[in-house]
Amino acid sequence: MDPLRRSPSPCTSRPPSPRTPPCEMLGHVGIEAVLEQLKIKAMKMGFEFNIMVVVIAVIWLLIGQSGLGKSTMVNTLFKSKMWKSTLPGLGVPMPQTLQLQSVTHIIEENGVKLKLTVTDTPGFGDQINNDKCWDPILGYINGQYERYLQEEILITRQRHIPDTRVHCCVYFVPPTGHCLRPLDIEFLQRLCRTVNVVPVIARADSLTIEEREAFRRRIQHDLRAHCIEVYPQKCFDEDISDRILNSKIRDRIPFAVVGADQEHLVNGRCVLGRKTKWGIIEVENMAHCEFPLLRDLLIRSHLQDLKDITHNVHYENYRVFRLNQSHALPRGPGWVNLAPAPADLTATPGPWKVRWQAHDSSDEEC
Amino acid sequence: MSKQQPAQFINPETPGYVGFANLPNQVHRKSVKKGFEFTLMVVGESGLGKSTLINSLFLTDLYPERIIPGAAEKIERTVQIEASTVEIEERGVKLRLTVVDTPGYGDAINCRDCFKTIISYIDEQFERYLHDESGLNRRHIIDNRVHCCFYFISPFGHGLKPLDVAFMKAIHNKVNIVPVIAKADTLTLKERERLKKRILDEIEEHNIKIYHLPDAESDEDEDFKEQTRLLKASIPFSVVGSNQLIEAKGKKVRGRLYPWGVVEVENPEHNDFLKLRTMLITHMQDLQEVTQDLHYENFRSERLKRGGRKVENEDMNKDQILLEKEAELRRMQEMIARMQAQMQMQMQGGDGDSGVHGHHV
C-alpha cells in the first residue's frame, strides 16, 4: 500500500505575515486569523478558493489531573466564563470511572463563527491504581474517528460530514519541577500516535523562571528519550519557513501557563490575572507566563494546521487500520464493507504510516 | 549535740519554703545535658517541596548530593526509606534530629503497595524499642520511633486524593500526623482558605485522627493562649520553603523570586511557615509524649496480646493454611495407598492361606 502523504503543497514559500502585534488589546481573541490561514493554504494550492465556510468546528480535549486548572484555562482562552469549575461535592465519591464532559460554545468575531467544543476529563489519574486509565480517553478519540468513517463510507453521504474528531489534545503536566512522571509518559506515548498533543506545564506560578527552564529542558529530554512526538511534529514540516516557525515553537514546548478568569486593575489597565499578597500574576504578560504563546498556537496560527493533520494523518491512519482489519480494500465508491467496529476501540494503529523524506536524518524512527 | 551547724545546711530565710521549687531547673539542666532526640517522617509525592521545606525548617542542608531520578528510573522504583540524622546545637541545647524521607511514594502508576514499606518501617521502630525496653540493660535506649509525620498535600487538587485518605487511615493509629499543604505560593488567599476548609471536612468525614495541639492551660499567660489558638486555627499549615536569600525591600530575606513579586518564607502574611516551625518547636515534647503514651502503648498491648508471634498478613495466613491442607491431603493419600497395598497383600496371603483355613461357602 502506498504510504499516505499529506495534501500536496506545490508552493514552497510562505509569505511572512505577522498577523497580530505581540502585545494586543484585550477582548480580541483573533479567531478571524483562520481566514488568513485558509487563504494562505489556498494560495499554496494554486487556485481561487472561495471561502464559503460559515462555521468552523474545532474540538479540543483537555487532559490532566483534577485541580490543574483545565476549566480555568478554557475560560482564559476565550475571555468568557463559559465554564464554571465543577468540584465534586462533599460526600460524593470521586468518579471511579473516567467521565468525559463536553461543552460546546459558538464564538463569533468579525463575521467568522467558531464552534469550539472542549471536552474535559475529570477524574483522570486521581485514583490509587491508575492502570489503564487512558483507555476511556483513547476509546473516545477512536470512537470519533469511527463515527466519521462510518459517515464517509455510506453510499449516499452528506456533503458536509459533521466533524466530531478531536483536533487537539492539551495535556496538563503538574509542576513538580522534577521531570515527567511514569503516568505522564505512558499516557503521552499512547496519545501521540492517535491525536495531536500539546503538553503544557499547568499552574506554572509555582515555579520560578530558572526552575521553569530547567523543568522544561528535562521534559523535552524525557519526551525525546521516549520517542514522544508532540505537536508540531517535526516530520510534518512542509518547508523551510514552516520548519523555522515550528522550531521556535518546539523549543518552547511545553508552555508554562497560568490560567485566570478574574480581572484586576494594574497600572490603570484591566488585566486578567491572579492576585496574591506579593504581586499580581498577569496572564497576558509574556514575562510572567507563556499563555499568549499557547493561545497564538491554538487559535491564531495553527488552528487550520491542527485540523489538517487530524484529517490527513491521524484519521487516515485509523482508516487504514480499520480497513486492514476487515481485509477489505475499497474497490470503488460504495463497495466498502467494513467489519463491525471492535468492541475495544483502544487499539492504537501503531506508528504513523506517513513517511516523510527525512531532511533531518537525525530523526529516529520510533 | 552540735551547737554550730555547718554553713551550707542553714535553713532558708523564708519560713515554710522548702526549696523544691528548684526542681524544674534541675530537670532542665539534666535534659540540656542529655540532649533531645526527635524523629520526623516526611511523606508526600515527588516534587512537592519536602526536601526544601526540611532544609528551611532546620536551616541546614540535609541532602547535599541529591540526584533526582528521571522518569524511566521512576517506573521501576518502589518506595524506599531514607533516614538521615543531623545534630543541631543551639545555645547549648543539643538536638539529634532524624529525618525519614520516603522517596518513591506516589510515583508509580499503581500505588496500592505504596505504604506497606512505610508502615513496616514504623512498626519496626516500635518493635525495636519494645525489645530494648524489655531487655536487661535499659540505660541507653536509643529512641528511633517516629514522633511525627508531616504529610504533604498537593495544592493543585481540590482536597484530599484517594491515596492521601488511604494512607492517613493506615497510619493514624501509629504516628502523629500533621497535614501540610505544600507549595502554598500557588494559591491566593481565598483559594487557600477554601482548600483548608475542604481538607478539614474530608478528614472529619473519613474519621482520620490527625495530631491535635493540646489546649493551653488556664494558668498560662495570654500570649501563649493566643498563640495556641492561632496555631490550632491554621491547621493544615500551608507552607513555602526556600533557603535562597533574596533582596527585598532593602533587606535580605529567604524567599522565592518571581517576576511578579517575592514570596517571603518567614512572612506570616505570605504563608504559615513560621506557624509550622513554632508548632514543631513548642510542641516537640508533647509530640514525643503522645507517641510514647498513646501510639507506643497501643502497639505494645497489641503485640503482647499476640504473644510473641510476628505479624502475619492475611494472605500469608491463607497460604499457610492451604499448604497445611495440602500436606494433610498428601498424607491421607499415602495412608490410603498403604492400606490398599496391605489389603492386597492380605488378600494374596489370604489366598495362599485359605487352603489352610478352609473357608466354607
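Bear in mind that the values here come from a model prediction, so they are computed numbers and not experimental data. (Residues numbered from 1 in each chain as written. Chains lettered and ligands numbered in written order. Predicted model: local features only at pLDDT ≥ 70, side-chain atom pairs only at ≥ 80, totals over all residues. Heavy atoms only, no water.)

**Some details on the packing of aromatic side chains**
Throughout the structure, instances matching the rule amount to 13 aromatic pairs over all chains. On the basis of an interplanar angle of 5° and a centroid distance of 5.0 Å, the ring pair of Tyr258 of chain B and Trp260 of chain B is categorised as stacked. The exposure class of Tyr258 of chain B is buried, given its relative accessible area of 4%. These aromatic residues form a ring-pair network of at least three members: Tyr145, Tyr148, Tyr315 and Tyr318 of chain A. Positioned above the aromatic ring of Tyr315 of chain A is the side chain of Arg165 of chain A, whose terminal nitrogen or guanidinium carbon lies 4.8 Å from the ring centre. (Phe/Tyr/Trp six-rings, centres within 6.5 Å; stacked < 30°, edge-to-face > 60°. Buried < 20%, exposed > 50% of the residue type's maximum accessible area, 1.4 Å probe, protein only. Lys NZ or Arg CZ within 6 Å of the ring centre and 35° of its normal.)

**Remarks on unusual backbone geometry**
Note the cis peptide between Tyr231 of chain A and Pro232 of chain A, where omega equals -5°. Structurally, Pro232 of chain A is set in the loop between helix H5 (209-225) and helix H6 (240-252). Cis geometry is found at the peptide bond from Ile253 of chain A to Pro254 of chain A, where omega equals 0°. Positive phi, normally seen in glycine, also occurs at Lys183 of chain B, with a value near 45°. Residue position: Lys183 of chain B is located in the loop between strand S5 (177-181) and helix H6 (189-205). Here the phi dihedral of Asn207 of chain B falls at roughly 60°; this positive angle occurs in a residue that is not glycine. Mapped onto the secondary structure, Asn207 of chain B falls in the loop between H6 and helix H7 (222-233). (Helix = DSSP H or I, 4+ residues; strand = E, 2+ residues; numbered from the N terminus.)

**Things to note about a negative patch on the surface**
A surface patch of like charges, here negative, comprises Glu217, Asp219, Glu220, Asp221 and Asp223 of chain B. Position of Asp219 of chain B among the secondary structure elements: in the loop between H6 and H7. (Patch = residues over 30% accessible without salt bridge, like charges linked within 9 Å, V, L, I, M, F, W, Y side chains within 5 Å. Areas by Shrake-Rupley, 256 points an atom, 1.4 Å probe, with all protein chains shown as cover. Salt bridge = Lys/Arg side-chain N within 4 Å of Asp/Glu carboxyl O. Lys, Arg positive; Asp, Glu negative; His and termini not counted. Charge placed at Lys NZ, Arg CZ, Asp CG, Glu CD.)

**A closer look at the confidence of the model for chain A**
All names here are of chain A. This prediction gives chain A a mean pLDDT of 72; 69% of its residues lie at or above 70. Here residues 46-53 is modelled with pLDDT under 50, and outside its nearest four sequence neighbours on either side it reaches five contacts, counting other chains as well. Note that pLDDT drops below 50 for residues 347-366; the model gives that stretch 39 contacts with residues more than four away or on any other chain. (pLDDT = per-residue confidence, 0-100. Contact = heavy atoms within 4.5 Å.)

**Structural notes on the pairing of strand S8 (residues 251-258) of chain B**
Residue and element names in this part refer to chain B. The sheet contact formed by strand S7 (residues 245-248) and S8 spans four bridges and is antiparallel. Bridging across to S8, Leu245 finds its partner in Arg254. Inspection of the sheet shows S8 paired to strand S9 (residues 261-264) by four bridges, in the antiparallel sense. Across the sheet, residue Arg256 finds its bridge partner in S9, namely Val263. What sits between the antiparallel neighbours S8 and S9 is a turn of two residues. (Pairing = 2+ DSSP bridges.)

**Quick look at the interface of chain A and chain B**
With 43 residues of chain A at the interface, the matching set in chain B holds 45 residues. Summed over both partners, the interface of chain A with chain B buries about 4000 Å², with 62% contributed by carbon and sulfur atoms. It is Ile128, Pro182 and Trp278 of chain A in chain A that bury the most area against chain B; as a group they hold 22% of the surface buried on that side. Where chain A packs against chain B, one counts two salt bridges. For Arg256 of chain B, the salt bridge identified is with Glu211 of chain A, shortest N-O distance 2.8 Å. Across the chain A-chain B interface, the total number found is nine residue pairs in polar contact (both at pLDDT 80 or more). Of all the secondary-structure elements, those providing two or more residues to the side of chain A that touches chain B are helix H4 (182-192), H5, strand S8 (269-276) and strand S9 (279-282) of chain A. Taken together, the residues that form the side of chain A that touches chain B break down as 18 nonpolar, 14 polar and 11 charged. (Buried area = accessible area lost by both parts, 1.4 Å probe. Polar contact = N/O pair within 3.5 Å; in protein donor to acceptor, adjacent residues only side chain to side chain. Nonpolar A, V, L, I, M, F, W, Y, C, P; charged D, E, K, R; others polar.)

**Some words on the sheet that holds strand S7 (residues 263-266) of chain A**
Residue and element names in this part refer to chain A. Strand order across the open sheet formed by three strands is S7-S8-S9, with antiparallel pairing between neighbours. Looking at strand neighbours, the two that pair on one side only are S7 and S9, the edges of this open sheet. For this sheet, the mean inter-axis angle between neighbouring strands, taken without regard to orientation, is 65°. As defined by bridge partners, S7 adjoins S8 across four bridges and the pair is classed as antiparallel. Across the sheet, the residue bridging to Glu263 is Leu272, located in S8. (Axes fitted to C-alpha atoms, helices over the stretch in contact; angles between N-to-C directions.)

**Some points on H5 of chain A**
All names here are of chain A. Taking 1.5 Å as the rise per residue, H5 with 17 residues should run 24 Å; its terminal C-alpha atoms sit 24 Å apart, in good agreement. Every buried residue of H5 is listed here: Arg212, Phe215, Arg216, Ile219, Gln220, Asp222 and Leu223. Buried residues in H5, looked at end-on, bunch into an arc of 160°, giving them a common side. Counted as exposed and oriented over 90 degrees from the buried face of H5: Glu210, Arg224 and Ala225. Positive phi appears at Cys227, one or two residues downstream of H5, with a value of about 60°. (Expected span 1.5 Å × (residues − 1). Arc of directions from axis to C-beta.)

**Some thoughts on the packing of helix H4 (residues 114-133) of chain B against helix H9 (residues 284-306) of chain B**
Residues and elements named next belong to chain B. Where H4 contacts H9, the axes come no closer than 10 Å and their chain directions differ by 80°. Between H4 and H9, the interaxial angle falls into the category roughly perpendicular. On H9, the residues that touch Asp123, Phe126, Glu127, Tyr129, Leu130 and Glu133 of H4 are Thr291, Gln292, His295, Tyr296, Phe299, Arg300 and Arg303. Residue composition of the contact of H4 with H9, by class: five nonpolar, three polar and five charged. (Parallel < 35°, antiparallel > 145°, perpendicular 65-115°, else oblique.)

**A word on the environment of Phe273 of chain B**
In this fold, Phe273 of chain B is placed in helix H8 (residues 273-282). Once the C-alpha coordinates of Phe273 of chain B and Leu53 of chain B are considered, the two residues, 220 residues apart in sequence, prove to be 8.9 Å apart.

**Comments concerning the pattern of salt bridges**
All names here are of chain B. Counted by the stated rule, this structure contains 35 salt bridges over all chains. For Glu222, the salt bridge is made with Lys225, and the minimal N-O distance between the two is 3.8 Å. Of this pair, Glu222 and Lys225 both sit in helix H7, three residues apart, roughly one helical turn. Judged by its relative accessible area of 57%, Glu222 falls in the exposed class. Take Lys225: its relative accessible area is 27%, and that puts it in the partly exposed class.

**Thoughts on the pairing of strand S4 (residues 168-173) of chain A**
Residue and element names in this part refer to chain A. Among the six residues of S4, six are classified as buried, and the element is accordingly described as predominantly covered. A two-sided burial pattern is seen for S4, the buried positions comprising Cys168, Val170 and Phe172 on one face and Cys169, Tyr171 and Val173 on the other. Pairing geometry for S4 and strand S5 (residues 197-201), over five bridges, is parallel. Bridge pairing in S5 places Val173 opposite Ile201. For the segment spanning S4, H4 and S5, crossover handedness is right-handed. (Right-handed = clockwise from strand over helix to strand, strands pointing away.)

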